Amino acid sequence: MLKTATRSTLHEDVLSQLYEAIEKGTWPSGSKLPGEQLLAERFDVSRNSVREALKVLANRGIVLSKPGSGTYLTENSKSLLHSARMNTYIFDGINLKELIETRCLIEGQIAYYATERGTDEEFRELESLLCKAEDHKTKHDIHVQFHAKLAQISGRKLLERMLGSLQYEIDIQRERYMEYYSETLKNMMYNHSQIVREIKSRDPYRARKAMTEHIRSVWSSMFSIPLDI
């Protein structure tokens, strides 16, 4: 039974109740969810709060939006929901500073392995990716793709998955500081070019240092966060 949302952050309450309803089988895997307006009425919140909760479910692969048709649970929604619940537990109470420090450790090692294992062709793909950034939106998209591509090149699935979980949580916190992040994007492409240059040099230690320095400089410039790395 869906209830009126009560938390101060309404979309989090909506999200929590949607999790519970899916776990209990209120809607079978593959079935269509009620529309935004109907859910908003049941939760007694705005459609925007429902939309934000559904966006989280979509980002985690739990639901799929079909334009002109509606929003549907994916066939493996329950297993993905379990992973999402685990992520919520892992990141509960973790502040932005700790997230960034952990990202430095993970991505530094990703850069190290990518330098050792990547092919010249894969390195050229990284370079061509950076040439596609034209405006704010594409710069952010390319930034995410660049780090995901490096994780793939590293050949370590666990590191790749850990980065994905961290990236999602960081994105959530980053939304609160978009005005600072927008300004920082201007320097990211240059930093990425430096990382690629070090990777192409085939020196994994320099590549790891370039990556950690990149992450450190981005977040220090935004919030003056002293990182213990």
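Caption draft 1: Quick look at the nonpolar core. With 33 residues, the main nonpolar core has Ile110, Leu126, Phe146, Leu150, Ile195 and Trp219 as its most contacted residues. Breaking this core down by element, the ones donating at least two residues are helix 5 (96-117), helix 6 (120-130), helix 7 (136-154), helix 8 (157-174), helix 9 (178-200) and helix 10 (204-223).

Caption draft 2: Representation of the environment of Asp44 within the structure. Looking at the element boundaries, Asp44 is found in the loop between helix 2 (36-43) and helix 3 (47-59). When the C-alpha atoms of Asp44 and Val14 are compared, they prove to be 9.8 Å apart, with 30 residues separating the residues in sequence.

Caption draft 3: Examining the packing of helix 2 against helix 3 more closely. Relative orientation of the contacting elements helix 2 and helix 3 amounts to 110°, with a least axis distance of 8 Å. In terms of their interaxial angle, helix 2 and helix 3 are classed as roughly perpendicular. Packed against helix 2, whose contacting residues are Glu36, Gln37, Leu39, Ala40 and Phe43, the element helix 3 presents Arg47, Val50, Arg51 and Leu54 at the interface. By residue class, the composition of the contact of helix 2 with helix 3 is five nonpolar, one polar and three charged.

Caption draft 4: Summary view of the pattern of salt bridges. As enumerated under the stated definition, the model contains 12 salt bridges in all. For Lys97, the salt bridge identified is with Glu101, shortest N-O distance 2.6 Å. Residue Lys97 and its partner Glu101 are located together in helix 5, separated by four residues, close to a single helical turn. By relative accessible area, Lys97 is classed as partly exposed at 25%. For Arg103, the salt bridge goes to Glu107, with nearest N and O atoms at 2.4 Å. Placement of the pair is Arg103 and Glu107 together in helix 5, with a separation of four residues, close to one helical turn. Since its relative accessible area comes to 2%, Arg103 is described here as buried. Given a relative accessible area of 0%, Glu107 falls into the buried group. The structure contains a network of salt bridges with shared partners spanning Glu36, Arg47 and Arg51.

Caption draft 5: Expanded view of the packing of aromatic side chains. Tallied over the full model, the rule gives two aromatic pairs. Relative to Tyr205, the ring of Tyr112 lies with its centre 5.4 Å away and its plane at 85°, an arrangement referred to as edge-to-face. Residue Tyr112 is found in helix 5, and its partner Tyr205 is found in helix 10; the two are separated by 93 residues along the sequence. Taken together, the ring pairs in this structure connect Tyr112, Tyr113 and Tyr205 into an aromatic cluster. The side chain of Arg117 reaches across the aromatic face of Tyr113, ending 4.2 Å from its centre. In this structure, Arg156 is placed above the aromatic ring of Tyr113, and the distance from its NZ or CZ to the ring centre is 5.4 Å.

So, how was this worked out
- Residues numbered from 1 in each chain as written.
- Predicted model: local features only at pLDDT ≥ 70, side-chain atom pairs only at ≥ 80, totals over all residues.
- Heavy atoms only, no water.
- Core = buried A, V, L, I, M, F, W, Y, C linked by side-chain atoms within 4.5 Å.
- Buried < 20%, exposed > 50% of the residue type's maximum accessible area, 1.4 Å probe, protein only.
- Helix = DSSP H or I, 4+ residues; strand = E, 2+ residues; numbered from the N terminus.
- Axes fitted to C-alpha atoms, helices over the stretch in contact; angles between N-to-C directions.
- Parallel < 35°, antiparallel > 145°, perpendicular 65-115°, else oblique.
- Contact = heavy atoms within 4.5 Å.
- Nonpolar A, V, L, I, M, F, W, Y, C, P; charged D, E, K, R; others polar.
- Salt bridge = Lys/Arg side-chain N within 4 Å of Asp/Glu carboxyl O.
- Phe/Tyr/Trp six-rings, centres within 6.5 Å; stacked < 30°, edge-to-face > 60°.
- Lys NZ or Arg CZ within 6 Å of the ring centre and 35° of its normal.

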